[in-house]
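What follows is the residue order along each chain.
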Amino acid sequence: MSDTHNEREQLLALRDRIDEIDATIGKLISERAGCAQKVAEVKSASTEGDVLFYRPEREAQVLRKAMERNEGPLSDEEMARLFREIMSACLALERPIKVAYLGPEGTFTQQAAQKHFGASAVAMPFSAIDEVFREVEAGAVNYGVVPVENSTEGVVSHTLDNFMNSNLKICGEVELRVHHNLMVSSVTDVKSISRIYSHGQSLAQCRKWLDAHYPKAERIAVSSNAEAARRLKGEWNAAAIAPEKAAELYDLQVVSEKIEDQPDNSTRFLIIGTQAVPASGVDKTSLLIAMRNQPGALHNLLAPFHAHDIDLTRVETRPSRSGVWTYVFFVDFTGHVDDPVIRATLDEVSARVSDLKILGSYPKAVL
Ligand SMILES: O=C(O)C(=O)C[C@]1(C(=O)O)C=C[C@@H](O)C=C1
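Residues numbered from 1 in each chain as written. Predicted model: local features only at pLDDT ≥ 70, side-chain atom pairs only at ≥ 80, totals over all residues. Heavy atoms only, no water.

As annotated in an unreviewed UniProt entry, the protein is Bifunctional chorismate mutase/prephenate dehydratase from Gilvimarinus japonicus. Looking at the protein in UniProt, the text filed under Subcellular location (unreviewed entry) is "Cytoplasm". In UniProt, the protein has this text filed under Function (unreviewed entry): "Catalyzes the Claisen rearrangement of chorismate to prephenate and the decarboxylation/dehydration of prephenate to phenylpyruvate." (UniProt positions renumbered as here; feature names shortened; annotations may be inferred.)

## Re the sheet that holds strand 8 (residues 238-242)
Strand order in the open sheet made by the five strands is 7-6-8-5-9, with mixed pairing throughout. The two strands at the open ends of the sheet, each matched to only one other strand, are strand 7 (218-222) and strand 9 (253-256). Neighbouring strand axes in the sheet, compared pairwise and without regard to direction, differ in orientation by 35 degrees on average. Sheet topology places strand 6 (residues 195-199) next to strand 7; five bridges connect them, and they run parallel. Residue H199 lies in a different strand from strand 7, and its bridge partner there is V222. (Pairing = 2+ DSSP bridges. Helix = DSSP H or I, 4+ residues; strand = E, 2+ residues; numbered from the N terminus. Axes fitted to C-alpha atoms, helices over the stretch in contact; angles between N-to-C directions.)

## Re the packing of helix 11 (residues 297-307) against helix 12 (residues 340-352)
Helix-helix packing is characterised by the crossing angle of the two axes and by the distance between the axes. Running from amino to carboxyl end, helix 11 crosses helix 12 at an angle of 165 degrees, the nearest separation of the two axes being 9 Å. With respect to each other, helix 11 and helix 12 are oriented roughly antiparallel. Where helix 11 crosses over helix 12, the handedness of that crossing is right-handed. Of the residues in helix 12, those in contact with N300, L301, A303, P304 and F305 of helix 11 are T345, L346, E348, V349 and R352. Partitioning the contact of helix 11 with helix 12 into residue classes produces six nonpolar, two polar and two charged. (Parallel < 35°, antiparallel > 145°, perpendicular 65-115°, else oblique. Left-handed = near helix turned anticlockwise from the far one by under 90°. Contact = heavy atoms within 4.5 Å. Nonpolar A, V, L, I, M, F, W, Y, C, P; charged D, E, K, R; others polar.)

## Quick word on helix 12
When the terminal C-alpha atoms of helix 12 are compared, their 19 Å separation across 13 residues agrees well with the 18 Å that a helix rising 1.5 Å per residue should span. Among the residues making up helix 12, those that are buried are I342, T345, L346 and V349. Taken around the axis of helix 12, the buried residues stretch over an arc of 100 degrees, which confines them to a single face. Residues of helix 12 that are exposed and angled more than 90 degrees away from the buried face: P340, D347 and A351. (Expected span 1.5 Å × (residues − 1). Buried < 20%, exposed > 50% of the residue type's maximum accessible area, 1.4 Å probe, protein only. Arc of directions from axis to C-beta.)

## Some details on a nonpolar patch on the surface
Together, I21, I25 and I29 make up an exposed nonpolar region whose accessible area comes to about 220 Å². Following the sequence through the fold, I25 ends up in helix 1 (residues 5-46). (Patch = residues over 30% accessible without salt bridge, like charges linked within 9 Å, V, L, I, M, F, W, Y side chains within 5 Å. Areas by Shrake-Rupley, 256 points an atom, 1.4 Å probe, with all protein chains shown as cover. Salt bridge = Lys/Arg side-chain N within 4 Å of Asp/Glu carboxyl O.)

## A closer look at the sheet that holds strand 12 (residues 312-319)
Taking strand neighbours across the sheet as the criterion, the four strands line up as 12-13-11-14 in an open arrangement whose pairing is antiparallel. Looking at strand neighbours, the two that pair on one side only are strand 12 and strand 14 (355-363), the edges of this open sheet. Pairs of neighbouring strands in the sheet enclose a mean axial angle of 15 degrees, with direction left out of account. In the sheet, strand 11 (residues 283-292) pairs with strand 13 (residues 326-334) via nine bridges, with the strands oriented antiparallel. What sits directly across from I289, in strand 13, is F329. Across the sheet, helix 6 (residues 156-164) is in contact with strand 11, strand 12, strand 13 and strand 14; its angle to strand 12 comes to roughly 80 degrees.

## Digging into the environment of Y101
Checked against the element boundaries, Y101 lands in strand 1 (residues 98-102). Distance in space between the C-alpha atoms of Y101 and P304 is 36 Å, their sequence separation being 203 residues. Filtering out sequence-adjacent residues up to four positions away, Y101 remains in contact with T107, T109, Q110, A113, A123, M124, P125, F126, V132 and V145. A distance of 3.3 Å separates a polar atom in the side chain of Y101 from a polar atom in the side chain of Q110. (Polar contact = N/O pair within 3.5 Å; in protein donor to acceptor, adjacent residues only side chain to side chain.)

This is how it looks when you write it as structure tokens:
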């Protein structure tokens, strides 16, 4: 259908205006990028050794401001996402950033890496969490992205265990809404799906949906959602449950979207690196604490947090690998180690335990 004369006139005028605005935005983005280049010069001139180009606390502040300023009609998240990409490009101009993530390509961890660093960072997949840690420790990449509270791939303990033998710091966190999709290959006959591949956790998270729609199909657990998608090639009677990204990557068609039983299904990832991050204003701190197995040990450990009214966001216990009678706790709370109240609390906790390691203070996830 072709536009009427009136419509054409209106569209022409609006598009002229959009062209003008784009020209202004383009100029301003170039000016901003020029500022970032100057920032890089200042950083390089004032630092001996490794220059820290990536500044997580500043990025969090820029994104928060973009959301606070926003008056619509775009949503706050959408506005911040656009600024996320502008900053990603500016940082790449200062210094291209290399990021290792738990692969293969198409996993939720890749999505988390992109959400946090934007599209201009060079993201590289590694097949195990240990490898991501090793790459960052060796300096082969600048940062790593690993799942930590992972409702999807079930590897929380692996990430936590790695911190026991590593000096790496937590520089940030990412939260990701996790959506599952049923996808098929171009040769699949949708009516005869008799096998469904996915990671065990994802199959579990879509159990009710699968019972209702594919009660007879065999559910086959594989090592990752991306692996499930990769397997589909050439299979005419199989489907996979995986993120949308995997469909693009492996040339598959999504036949049903958002099939997870819990609509608010989300996963948390950590950014690991070597730098201590200054306070951004809204921060979290993660600790690793070792203590002997005594009656009331956990209560004793948590009492100072309670006394200082500090908001604990997570307490996780892992068996220690060294002493038989030792517990290891991972504790997350709201606040930054540079805050005197937090410092005082940690001093009190420290006096009650065998070992306390600060894994990092970092900006609370913005997006
Ligand atoms: O403010 C800085 O330190 C910058 O390098 C600029 C900038 C930005 O584009 O705003 C870019 C990269 C940093 O991670 C933070 C912010």
